[in-house]
Amino acid sequence: MNRDTVIADLRARGLAGYSLFEDPRGKPNVIVLAFGRDGFQTWIHDERAQPIAGSLRTFAEESDALSDFTRRVEIWNRISGVRSPA
């Protein structure tokens, strides 16, 4: 699993509500994957574009972070109805 295949898969399935290695500031209701001080990190932004307490997960390997990120985006789209219009 790598960044290119993850982004292609998410786009092909019409999934939305994510920020993949982009600056997440000001983006509400998204799943975020970024590289931080302690490694690759995933977390969830709420409706005010603030990290949800307890949602931060840190991974040493990018592939593990991508797997967690993908799973979170899939769930997020199922529960929040944030699918992009087709």
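J.: I'd like a rundown of the pattern of salt bridges, residues and numbers included.
T.: In a structure, side chains of opposite charge can pair up when their charged atoms sit close to one another. By the definition in use, this model includes 9 salt bridges. Residues Asp46 and Arg48 are paired through a salt bridge, measuring 2.6 Å at the closest nitrogen-oxygen approach. A residue is classified by how much of its surface remains accessible, and Arg48, at 56% relative accessible area, is exposed. Notably, a salt bridge pairs Asp68 with Arg57, separated by 2.7 Å at the nearest N-O pair. Linking Asp68 in helix α2 (residues 62-80) with Arg57 in strand β4 (residues 57-59), this pair joins segments that are 11 residues apart in sequence. When its relative accessible area of 8% is taken as the criterion, Asp68 is described as buried. A single salt-bridge network, built from bridges that share partners, covers Arg57, Asp68, Arg71 and Arg72.

J.: Pulling in residues and values, what's your account of the packing of aromatic side chains?
T.: One pass over the full model with this rule turns up 3 aromatic pairs. In textbook terms, an aromatic cluster arises when at least three aromatic residues are bridged by ring pairs, as seen for Phe21, Phe35 and Phe40. The ring of Phe21 carries Arg3 above its face, with NZ or CZ at 3.6 Å from the centroid.

So, how was this worked out
- Residues numbered from 1 in each chain as written.
- Predicted model: local features only at pLDDT ≥ 70, side-chain atom pairs only at ≥ 80, totals over all residues.
- Heavy atoms only, no water.
- Salt bridge = Lys/Arg side-chain N within 4 Å of Asp/Glu carboxyl O.
- Buried < 20%, exposed > 50% of the residue type's maximum accessible area, 1.4 Å probe, protein only.
- Helix = DSSP H or I, 4+ residues; strand = E, 2+ residues; numbered from the N terminus.
- Phe/Tyr/Trp six-rings, centres within 6.5 Å; stacked < 30°, edge-to-face > 60°.
- Lys NZ or Arg CZ within 6 Å of the ring centre and 35° of its normal.

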